[in-house]
Structure formats: structure tokens, C-alpha cells
Amino acid sequence: MTVYPSYTNPRPATTVPDNVESLGSKSGVKPNPLPKAQMAVIYAIKLTLPIALTQSIPYYNEFIASLLSSDGAEIGYYSGLAHSAFSIAQFISMFVWGRVSDSWGRVPVILLGTAGTAIFTFAFGLTKTLDYLLLNRLLAGFFYGITGAIHSVVGELSDDTNHSTAFPLYDIISALGFVIGPLIGGTFVDPWEQWPKIFSPWWSVYPYFLPCLISSLISLGAALLAAFVLEETLPSKRKVKLVAPEEDPLLAAASAATVVNVTIPVADLKPLSIKELFSIPVLRAVFALSGALGFAGSSFNNTFVLMAYTPIHQGGLALSPAQIGRAVSGMGAVSILLKLCMPKLLRRFGTLNMFDFCMVAWLATFASMPLASLIAQKAAVVATPLSSTGGEAARAPSKGEWAVVAVVLFLSRLGCLAFSIIMILTKDHIPGSASLGTANGLAELAQSLAAAVGSTVASSLFAVSASKHLLGGYLWVVFMLLESGFGSWVARRIRKYRD
């Protein structure tokens, strides 16, 4: 069927009261069916990004320690720097990729991003100096910035009646990547030591290459999907196919071409400028919320893994890479279960009520982290004497330690539910889908900038708190509680734009 578009004036930005569901639930509107094949493709592509990102989590600090011939909490300065290099590059590229996707289309951007991710994940495992590692993280972060374009594809494949299904499922896929990635990293690190009959001594020189190789092959598969299967969704680039109502759906594919005039709003074809987007008060508030959430999430990811790696006498848990991998993978599994409940929770409580709850969960997360360290110290005193050499790393954590770690990770996953809500808030208030890539890019921009700052600040505060024993080694916890409280306050202020 041939479609000739006509144009209307752009629809104004809408502000939706929190008690009015734009999610197609309480209004009695039946959700429209999602395009299953294309949704499956974009979800598969999205899955590969967190796998590439998180496969290094179990061994990240150990890897940096081997490059520096150092150990202990002081590694936090350098791991924070490496994480910030990635986040800064992602921050710089996020908006660029968003604007390019609004002009050239979503598919070219996603293809370039996944191919670049494959290349630099592969190269990461061959790193032998800190300088090369920082350069690798910068380049990898640049190509990881395509997430805004992927968000846009999900937004353009869905509508107001099925957002509450599409976006939580999208976030579940991301959580699945957090399950698979750490398992790859924790399982396949140092293969020569684990399976000397299979792997040659070459692998002892590059003990972290195998998980990088596996992850890069997965990213390469995503690039192939983008090149040959994913269809363009940018309104000005896509091919619109409509079927006349009187036609039998089963015979539609074989029916003769029909000329149909459809009305497409100008806002769906002409993207707004950055100034125009920032002139919308509710979008400014959403971007600020995205930044606060990015800071909290990045700070937790860095400080938890650093605390897990750090020797017990410095306030850490002294876990091995395999143990860290299992813990982080379990965190991803819990996240999947929670996000399966998201559609019902959003319909029941509304987007802003859920976002408020998520920010409070971050407060509880950081408040509970010192408890895990205290229990580890008591368990280590009973099991083995503490040493200043970090030799306690080989011990098996007690059930009490694992229980507290599980509580901390569970609370953090409650907080991370907010990442789905940010995407919904952004989509709800964009005056036309042509600007969706830019708006998602700006939201991710704020998130990445905050994540870059959070990575360095939180890791450095952890290191200085542990080494100088400031506030009992927990100065970093006080700071994170203050930051999370600020984010909760910002979340409440957005209500004035929706009430």
C-alpha cells in the first residue's frame, strides 16, 4: 500500500497528572499489540550492551591492580578514573548519537555502536598498561552512547496504550544482560589456571581475554541483526504500510496496492531544537531526575564492587572475582523478577509515586552497606585472624555476610526500577516522535555526566575513607545518603508540572 502523508501543526507538549494513566490501563483502553518480531530484534540488540559492559565487573579491580602492581582500597582511585573515562565518553557521544539518529535514522547509529562495542570489548582483554586501558574505556564509552537511539526505537514501536509493557520488558532485557555478563566474566577469567589442559600458557599472559572475546562475539551478532534484520523506525525514513479495514488480515500481504492519505503531525517529522526542548519545564525536570538517578546508580555499582574486592581490614568483603560475579549476576536475576511486576505497579501506583519509592530505596541501599562490612569483619575474626596483606581473600564468606549482601543488592534493584520510569516520562512529554532521539539523548546525557562524576567521587571517597579511616571508614556512606536524599527531593518537585 502506498501512503501519501499530509501534515498538521505540531501537537503541544503534554503534562500528564500522575493520577491520570497515559499507560492505557485504568482508562479502559485496550492496549494495542506490539510488533513482536521487531521488538524481539531490538531487545536482542539491547541485551548485548549490558553483557559487554558488565562482563568485566568481577575482575575489574583485580585487572587494574595487576597493571599497577598494587592492591587494596587504593585501587578505588584508579577504578573510579577508568569508570569515569567510560562515562565521560558516553556523555559526550550520547547527544551526538541522538541527533544523528534523528537525521540519518536509528539503524545506522545502532549498527555503528554495536560494531564499535564489539571491537573495543575484544581489545580490552589485551590491555597491558593503565594508559591503554583508559584509552580503551574512552572509545568503548563513545560507542556505548547509542542507548538513546535504542530507547527511541522502543518508543516508536510502541504507543501510549502499551508503553507499560514495552518499556519494562526493555528494562528486563537489560537486567538479563546484568545476569549473563558477570557470569561470563567470573566464570571464564584466567582460563589457563582453571583448564590448563585446554588452554595454552598464552592465556596466562592475557588472563582476562576470554570473557572479552565471548562478549565481543555477542556484540558482533547484534551488529549483524542491526544490519540485516532491524527495520528503520524514524518517521521521516520509515516505510509505512497500512491495510484497508475491509481487507482480510490473512490476505493483506497479497492484496493490491492501495493509495491512502494519512495525516502525520509535523512534530513527528521535524525534530525540535535543543533550546525548544529545554523550554518545556517538565522535560527539564525529567532531565534533572535522570541525572540524580545516574549518580546514585553509578556510585552504587562502583562502590559495591570496590567494597567486595577490598580486604576486610579496610572495610571491604574480600570476595574473589568468581564470588563477585555470582553476587552481581544474582542481582540481575532479582532485577528481572522485580521488573516483571513493573506494568502492574505502574498501573496501580502511577509513574511518579513509583519513582519516589525508587529514590527512597536508594537511601536504604547506602544505609545498609556498612552492615555488610561489619558482619564480614566479625566473621573474619572468628574464622581467621585479619592480616594487612589481604590474605583473607581466600576465605569463604559466612551465611550472614551473604544474607546482608543479598539485602543490599535487593534494595539497589528496587532503586534501579526508576530507569524504566525515566524512559516513560521522557516519551510522555515529547511533542512528536521526531525529537524522541534527541530527548532520550539529553536524558542519557544528564545520566552519563552524573555517572561520570559519581564514579570518580564515590570510588575516591571510598578509598580515602578506608585508608584514612574517616568516620570509621564510612564517610562515603554519609555522602551517598545526602545525594540520595537530594534525588528524592528533586523527584517530588516534578509533581508541580503534572498536578
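Coordinates for the structure precede this section.
Cut-offs used in this document
- Residues numbered from 1 in each chain as written.
- Predicted model: local features only at pLDDT ≥ 70, side-chain atom pairs only at ≥ 80, totals over all residues.
- Heavy atoms only, no water.
- Helix = DSSP H or I, 4+ residues; strand = E, 2+ residues; numbered from the N terminus.
- Contact = heavy atoms within 4.5 Å.
- Phe/Tyr/Trp six-rings, centres within 6.5 Å; stacked < 30°, edge-to-face > 60°.
- Buried < 20%, exposed > 50% of the residue type's maximum accessible area, 1.4 Å probe, protein only.
- Salt bridge = Lys/Arg side-chain N within 4 Å of Asp/Glu carboxyl O.
- Axes fitted to C-alpha atoms, helices over the stretch in contact; angles between N-to-C directions.
- Parallel < 35°, antiparallel > 145°, perpendicular 65-115°, else oblique.
- Left-handed = near helix turned anticlockwise from the far one by under 90°.
- Nonpolar A, V, L, I, M, F, W, Y, C, P; charged D, E, K, R; others polar.
- Core = buried A, V, L, I, M, F, W, Y, C linked by side-chain atoms within 4.5 Å.

1. Notes on the environment of Leu210
By secondary structure assignment, the location of Leu210 is in helix α10 (residues 209–228). Leu210 sits 84 residues away from Leu126 along the chain, and the two C-alpha atoms are 9.8 Å apart. Contacts of Leu210, omitting those with residues within four sequence positions, involve Phe188, Pro191, Phe199 and Trp203.

2. Observations regarding the packing of aromatic side chains
Per the counting criterion, the structure on display carries 26 aromatic pairs. Arranged with centres 6.0 Å apart and planes meeting at 55°, the rings of Phe300 and Trp362 form a pair that is tilted. One end of the pair, Phe300, is in helix α12 (residues 281–309); the other, Trp362, is in helix α15 (residues 351–383), with 62 residues separating them in the sequence. Taken individually, Phe300 and Trp362 each receive the classification buried, so the pair is uniform in this respect.

3. Points about the side chain of Asp356
Inspection of the secondary structure assignment puts Asp356 in helix α15. Beyond its immediate sequence surroundings of up to four residues, Asp356 is in contact with Ala491, Arg492 and Arg495.

4. What to know about unusual backbone geometry
Positive phi, close to 50°, is recorded for Asp190, a residue that is not glycine. With respect to the helices and strands, the residue Asp190 is situated in the loop between α7 (163–188) and α8 (191–194). Unlike most non-glycine residues, Leu471 shows phi in positive territory, near 50°. Summarising the element assignment, Leu471 is placed in the loop between α18 (436–468) and α19 (475–493).

5. Looking at the pattern of salt bridges
Inspection of the entire model under this criterion finds two salt bridges. A salt bridge links Asp102 to Arg106; its shortest N-O distance comes to 2.6 Å. For Asp102, a relative accessible area of 6% corresponds to the buried category. Close ionic contact of Glu156 with Arg106 constitutes a salt bridge, the shortest N to O distance being 2.4 Å. Within this pair, whereas Glu156 is found in helix α6 (residues 147–157), its partner Arg106 is found in helix α4 (residues 106–124), the two being separated by 50 residues in sequence. Taken individually, Glu156 and Arg106 each receive the classification buried, so the pair is uniform in this respect. Connected through shared salt-bridge partners, Asp102, Arg106 and Glu156 make up one network.

6. Some remarks on the packing of α12 against helix α17 (residues 418–428)
With their axes 10 Å apart at the nearest point, α12 and α17 run at an angle of 165° to one another. Relative to α17, the element α12 is oriented roughly antiparallel. With respect to the hand of their crossing, α12 and α17 are arranged in left-handed fashion. The segment α12 lies against α17, with Leu283, Val286, Leu289, Ser290 and Leu293 engaging Ala418, Phe419, Ile422, Leu425 and Thr426. Among the residues forming the contact of α12 with α17, the class breakdown is eight nonpolar, two polar and no charged.

7. Digging into the nonpolar core
Within the largest apolar cluster, 105 residues are counted, with the highest numbers of intra-cluster contacts made by Ile42, Ile110, Leu133, Phe300, Phe355 and Trp476. With 13 residues, α12 is the single largest residue contributor to this core. Setting aside chain neighbours within four positions, we find Ile42 in contact with Ile110, Ile150, Val153, Val154, Leu157 and Leu230. Judged by nonpolar contacts, the second largest core, of 13 residues, contains Leu277, Ile280, Val282 and Phe287.

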